[in-house]
Structures are given as C-alpha cells and as structure tokens.
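Chain by chain, the residues run as shown.
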Amino acid sequence: MDDRVLIFDTTLRDGEQTPGVNLNLTEKLEIARHLERLRVDVIEAGFAGASRGDFEAVEAVSRETRSSVVCSLARCAPVDIERAAQALSGAARPRIHVFLASSALHLEKKLRMTPDQALERAASGVRLAKSLCDDVQFSAEDASRSDPAFLAQLFGEAIAQGASTINITDTVGYATANEFSRLVQELLKNIRGVDRARVSVHCHNDLGLAVANSLVAVRHGARQVECTMNGVGERAGNAALEEIVMGLRTRADYYGASCNIDTKRLYVTSRLVSTLTGLEIPPNKPVVGANAFLHQSGIHQHGVACDRSTYEVMRSEDIGVPAGNAPLGKLSGSHAFEETASRLGFTLSRNDLGAAFKRFKELADRKKDVTERDLVALLSGQWVDAPELYHLESYQLFAGNTLTPTATVKIKYGDDVITEAAVGDGPIDAAYRAVDRITKRDTKLETYGIRAVTEGQDALGEVTVRITVDTGDGKPPRRALGKGASTDIIEASILAYVNAVNRAAAD
Ligand code: KIV
Ligand code: ZN
C-alpha cells in the first residue's frame, strides 16, 4: 500500500465555522499562503455556495495557489456544485467536495429522505461534479453513526460515478478509536471499486478523540486526513493538523505512513491562525503550546540536560519553535529585518515591509531584545490591520485602588485630533468609554483576552478583543476582532479596541 498520507486542511472552511470566528478575505488569503508553504496537499478554501464571502475566498485562493489542490465544499445540489465549479475556475488543481448525510438520524430528521433517495442524490451530485471538475471527493456526513452496509453502498455509488476520494466522517466526535478503526477496515473490504479511490477521514473532537481516531484510521489504510491548524472548528473543533503530522512523523514505525508537510513551518502557521482567528493556543496544547518543550521538575531538567530524548519525543527545532535568542535590536536595518521575517515564513511586499519595519523599530525602542517570538507576534498581527480611520495618538490614566479610574484618550480622525475623557470600572473600561465618546459608535465589548508573547519584565503583551457595533440602520450589529501588541498592556488594550473599531468600519 502507498505509504503517503495526504494532508487536507479545512481551517478556512470547517475551521471558520468556529463560533465567533469571522475571517476577511485578506486574512483567508494570508492563511492559504502559509498553508501552501507548509506544503499541505489540499486547501479547502470554503463552501462557495454558502455565501458571497465564501465564494470570493474560494475564487481568490484558487487564483493564487499553484501547488496545493484547492477545494470547495458543496451539498449534492446543482446550485452548490455549479457555484463551486465557478469559484474554482482559476485554480491550477481544483477539487469539488460534495457531501450528503448518511445516518438514518440525519436522513429522517434533517433531510426527510429515504436511503434510496440518498443513493440517487449522491450519484447525481457526484455525476454533475465530475462533469465540471476532474477531481471529485464525496463525503458521507455522520458516517460513524450510519449503517456500515448502507455506507459501503453509498461510497460504492460515489466511486462508480467518478469520485476519486471518499471521506469517512465522525461528524459529532462520537466514535471510539476501536469502533472507528473497525469501520474503516470494514469499508475498505466492502466498498465496490475502493481500490480506485483514496480513503479519507474527517474527525471532530467532541470527546477529545479527533486526532486518535484519525491516526488509527491511517494505521488501517486511510490515506488522507482532514484537519485544521490548532484543531479549530465547529464546537470542540477538528483533528489538529500539527498533532496529526507530528504523530505520523514521530511514530512512523507504528503508522507506517508519512506526509509531505514542512514541519519547520508548523509553529509560525499555528501562530498566524491563532492571531487571525483570535483563538488563543492553550499553553499545554501538544506540539505548539508554550509549555510543549518546557521542563519544570528538577528530575526532568537533569534528564534533558543529560540527553534530550529522556523527556522529549520531538525536537522543537523540527516544529520551527523560535529560539528565545535576540536576533534583532534597535540598530538592526530593514535588510536584516526582512531576512529574519522571511526565515520565519513571512514574505512581505514593499508596502507591508515598510509598515512592519516601522512597528519593529517602535518595539525595539522600548524593548532591548526583540526575540523571534516577538517578531512572529508582530508579523502575524499585521494581517489584522485595517485602514486606520482612527489612530491612537496618546492616552493618560488616573487610577488606583482608592480612586475612580479616569482615562483621557487622544485620537487622530482624518485631519482632526479629538480628545475625550471618561471614568470607568477600571482603567481599561475608562479608556474604552473615552474611545466610544470619540467615535460616537454604539460599540459593545464582547470578549477581552491578554497574553504575554514572551517572558520577562519587558514582555510584549498581546490583547485580543471582540466587539459588536450597532450601526443603527436596522441591520444586525457588525462583529469585529481587534489586536494590539505593546510592552504597555494599557496601550495594547486601547490599540486592540481601536483596531476592532477600524475593522468594523472597513467591513
Ligand atoms: O463534519 C463533517 O461531516 C463535515 C463534512 C461536510 C465533511 O464537515
Ligand atoms: Zn466537519
């Protein structure tokens, strides 16, 4: 059996279904560029028939991507399949991914369809997709809760109509590892024509088994795994790409399979996705979490000092975790900056380089050592930039545990510089109220998060906020994510808020 496993990334489709995540086109394109550099085999860029935004994302990713396959999801419905084909028309390697539910539960309760009707719908969907695109994938939704005999029939029909990949899903993360591996083995034996197709798996993480179920399926013959960066996705998310890839690599002896991912780009891609989705990576997250290569106990530290393999099963450098050193300082020039950015996986246009270098200089003025981690935070953050309708000039605070916090904020708006003051429950609340007075927008802070990018007293603090802005025109409130980074956490907080207001205004 071919030992190559294809990595199918669905961060831009299933990952974007994460509650609260809403990527714009620029951000989706930047993620797609990083995925291609990571050498993922397939990028699922969206569900073209679902919305105009998704259509444009699939179209734009298709135009730019040359080596990875670009894929659009579609229901087994002519309107969806035709939209997918249209959006993919500029792709070098297009794929249409059609899906239909297969469990009795979904067929009866959701689609009100008999099994025979489902067989007919799947066949006509794949047939139409095949007439528009050579590469067609068929997924049975809720496969793990479906009758295996019916599933085999459904997949057999999809292959007969031209599907070259069939995808076994654990849509609600329900299967145990034993059940899922048995299902894969049974299907590999019973699907008519299965030797003409690649068997793929797509697992969700509701019970924490998405990665385990995906890997066990590889062990039993699956040769494509669908996953997302950092495991983002609906509810508890999808199988995490970085865990699948490092699992395959670290335990190649057991899985007997390998993939083509450039593992040295895992860290930077993970950080970019975290920044743009606003979903923090927990410190104990395998592979890319801040603690993944830290050793706390004396016994472990001693073991690692003697030989790293005593307590490490992977090497941080293979994942591209930046060293904690100080590669750049305030005297570094733009050439050295560009070179370091490129080594970290960021290719910058002239304009972007100018803006990023200016921010780097501002940071280097405040922080003696600018580490690679600082640079990854700074460079990931630039994709959250929006036209600066409002620009923070300065702020002053009057706060203490026995005082009413008061903030005075000065913001540039066009040619005007507007100053307002406000009191609040805390210094950040006061500053946000002052910004609201300046913008005169009906803004509500939904979530606020802060993390230190690096260790130490002069650590760079990164703040992520989500806001809603009621435009008062009867339309639903606009949602926006904002980011701000500074060695001063109050400034980072105001920058994040102003960034979110600018993004809401730009959308
Ligand atoms: O979870 C699922 O079943 C899916 C399919 C559409 C592939 O995302
Ligand atoms: Zn899914």
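Up top you'll find the structure we're talking about.
Presented here is a report on the structure given in the accompanying data block.

## Some thoughts on the sheet that holds strand 11 (residues 416–423)
Part 1 of the argument: In spatial order, the strands read 9-10-11; together these three strands make up an open sheet with antiparallel pairing. Unpaired on one side and paired on the other, strand 9 (390–398) and strand 11 mark the two borders of the sheet. Direction aside, neighbouring strands of the sheet carry axes that sit 20° apart on average.
Part 2 of the argument: Contacting strand 9, strand 10 (406–413) and strand 11, helix 17 (residues 427–439) runs over the sheet at an angle of about 135° to strand 11.
Part 3 of the argument: Packing of helix 18 (residues 489–506) onto the sheet brings it into contact with strand 9 and strand 10, and relative to strand 9 it is tilted by some 145°.

## Some words on the coordination of the zinc ion (ligand 2)
Part 1 of the argument: Distances from the zinc ion (ligand 2) to its protein donors, namely Asp-14 (OD), His-202 (NE2) and His-204 (NE2), fall within the range 2.0 to 2.1 Å.
Part 2 of the argument: Here the donor residues of the zinc ion (ligand 2) share one chain and are spaced in sequence as D-x187-H-x1-H.
Part 3 of the argument: A relative accessible area of 5% places His-202 in the buried class.

## With respect to the site of ligand 1
Part 1 of the argument: With respect to spatial proximity, the complete set of residues near ligand 1 consists of Arg-13, Asp-14, His-97, Phe-99, Ser-139, Glu-141, Thr-169, Thr-171, His-202 and His-204.
Part 2 of the argument: Note that an oxygen atom of ligand 1 is positioned 3.1 Å from one of the side-chain N or O atoms of His-202.
Part 3 of the argument: When the free accessible area of ligand 1 is taken as 260 Å², the share hidden by the protein chains comes to 95%.
Part 4 of the argument: Looking at side-chain class alone, the shell around ligand 1 contains one nonpolar, six polar and three charged residues.

Rules of the game
- Residues numbered from 1 in each chain as written.
- Chains lettered and ligands numbered in written order.
- Predicted model: local features only at pLDDT ≥ 70, side-chain atom pairs only at ≥ 80, totals over all residues.
- Heavy atoms only, no water.
- Pairing = 2+ DSSP bridges.
- Helix = DSSP H or I, 4+ residues; strand = E, 2+ residues; numbered from the N terminus.
- Axes fitted to C-alpha atoms, helices over the stretch in contact; angles between N-to-C directions.
- Contact = heavy atoms within 4.5 Å.
- Donors = N, O, S within 2.8 Å, 3.2 Å for Na, K, Ca; no water.
- Buried < 20%, exposed > 50% of the residue type's maximum accessible area, 1.4 Å probe, protein only.
- Near = heavy atom within 4 Å.
- Polar contact = N/O pair within 3.5 Å; in protein donor to acceptor, adjacent residues only side chain to side chain.
- Areas by Shrake-Rupley, 256 points an atom, 1.4 Å probe, with all protein chains shown as cover.
- Nonpolar A, V, L, I, M, F, W, Y, C, P; charged D, E, K, R; others polar.

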